[in-house]
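# Structural features, examined
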Amino acid sequence: ILSGIQQLKKYQGQYLYDFAQKEGKKIYSLIAQHEKVIQSSIASGLRRKMEVIKDVDILASTNDNTEVMNFFISLKDVESITDRGGAKLSVVLKSGITVNLYTMPDAKFPYALRYLTGSDEHNIAIRDRAARMGIEVNEHGLFRANNLIECRDENQIFQALSLAFIPPELRE
């Protein structure tokens, strides 16, 4: 019995891909259709199609993050708000899974999508490669000597780093 309780505690808050994908897609489709959302995507482990997902991350570019966030928390599946600050809002759905909504201006969307898709190891490898090229990379952009290297999508980010596009599923 004690072993079973330890197992339960260890894996509490983790969900199989199919469940997380179903819950995430339901919320994502509503966010993506909002009139103030310019671009949107699911990110993190769900985008990488990991077998086990801790939470759902959704990105949305907008010129009105307050309206989009207020819409998000008004959805009928939202049970409670767990974190709210700046460009991130976290909720727990009635199903128990956490969903994080990140909002940003449209010009920052591709950088945030690449970064939040991860994984941590992938981001470290990208950051190290970029540093060897004299480029700083983060969720806000690619910078050479503090000048933004403009990229319209993830493919252009990888091109700027002399890489072929790396599909999210391979970013481990």
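Scroll up to find the structure this text is about.
Residues numbered from 1 in each chain as written. Predicted model: local features only at pLDDT ≥ 70, side-chain atom pairs only at ≥ 80, totals over all residues. Heavy atoms only, no water.

Glancing now at the overall build of the protein. Tallying secondary structure elements over the protein gives 7 helices and 10 strands in all. Its C-alpha atoms put the protein at 55 × 40 × 25 Å along the principal axes. Put simply, the protein has 172 residues, and 41% of those count as buried. Taking the intrachain contacts of the protein between residues at least 6 apart in sequence as the baseline, contacts between residues at least 24 apart amount to 59%. When the accessible surface of the protein is summed, it comes to about 9700 Å², and 51% of that surface belongs to carbon and sulfur atoms. The averaged location of the 22 negative side-chain charges in the protein is 2 Å from the averaged location of its 22 positive side-chain charges. (Helix = DSSP H or I, 4+ residues; strand = E, 2+ residues; numbered from the N terminus. Buried < 20%, exposed > 50% of the residue type's maximum accessible area, 1.4 Å probe, protein only. Contact = heavy atoms within 4.5 Å. Areas by Shrake-Rupley, 256 points an atom, 1.4 Å probe, with all protein chains shown as cover. Lys, Arg positive; Asp, Glu negative; His and termini not counted. Charge placed at Lys NZ, Arg CZ, Asp CG, Glu CD.)

Here 5 strands make up an open sheet; going across it, the order is 2-4-7-6-5 and the pairing mixed. Every other strand in the sheet has two partners, leaving strand 2 (37–43) and strand 5 (78–85) as the edge strands with one partner each. Between one strand and the next, the sheet's axes are offset by a mean angle of 20 degrees, whatever the strand orientation. The pairing of strand 4 (residues 55–62) with strand 7 (residues 98–104) spans 7 bridges and is parallel. From the neighbouring strand, Leu59 faces strand 7, where its bridge partner is Tyr102. On top of the sheet, helix 2 (residues 17–32) reaches strand 2, strand 4, strand 6 (88–93) and strand 7; it is set at about 170 degrees to strand 2, its chief contact. Contacts from helix 4 (residues 65–74) reach strand 2, strand 4, strand 5, strand 6 and strand 7, with the element oriented near 165 degrees to strand 7. (Pairing = 2+ DSSP bridges. Axes fitted to C-alpha atoms, helices over the stretch in contact; angles between N-to-C directions.)

Okay, the sheet that holds strand 10 (residues 147–148) next. Taken in spatial order, the 3 strands make up an open sheet running 8-9-10, and their pairing is antiparallel. Each of the sheet's edge strands pairs with one partner strand only, and the pair in question is strand 8 (136–138) and strand 10. In this structure, strand 8 lies alongside strand 9 (residues 141–144), joined through 3 bridges in antiparallel fashion. Bridged to Glu136 within strand 9 is Phe143.

Now for the pairing of strand 4. Counted residue by residue, strand 4 has 8 buried out of 8 residues, so it is predominantly covered. Burial of strand 4 is two-sided: the residues Asp55, Asp57, Leu59 and Ser61 facing one way and the residues Val56, Ile58, Ala60 and Thr62 facing the other way are all buried. Both strand 2 and strand 4 contribute to a ladder of 6 bridges, which runs antiparallel. Note on strand 4: the bridge partner recorded for Ala43 is Asp57.

Let us now look at the pairing of strand 6. Strand 6 sits mainly inside the fold: 5 of its 6 residues count as buried. Strand direction decides the pairing type here: strand 5 and strand 6, joined by 6 bridges, are antiparallel. Note on strand 6: the bridge partner recorded for Ile81 is Val91. Linking two consecutive strands that pair antiparallel, namely strand 5 and strand 6, is a turn of 2 residues; a positive phi of about 60 degrees is found at Gly86 within it. Counting the residues between successive antiparallel strands, the hairpin from strand 6 to strand 7 contains 4 residues, one of them, Gly96, with a positive phi of roughly 105 degrees.

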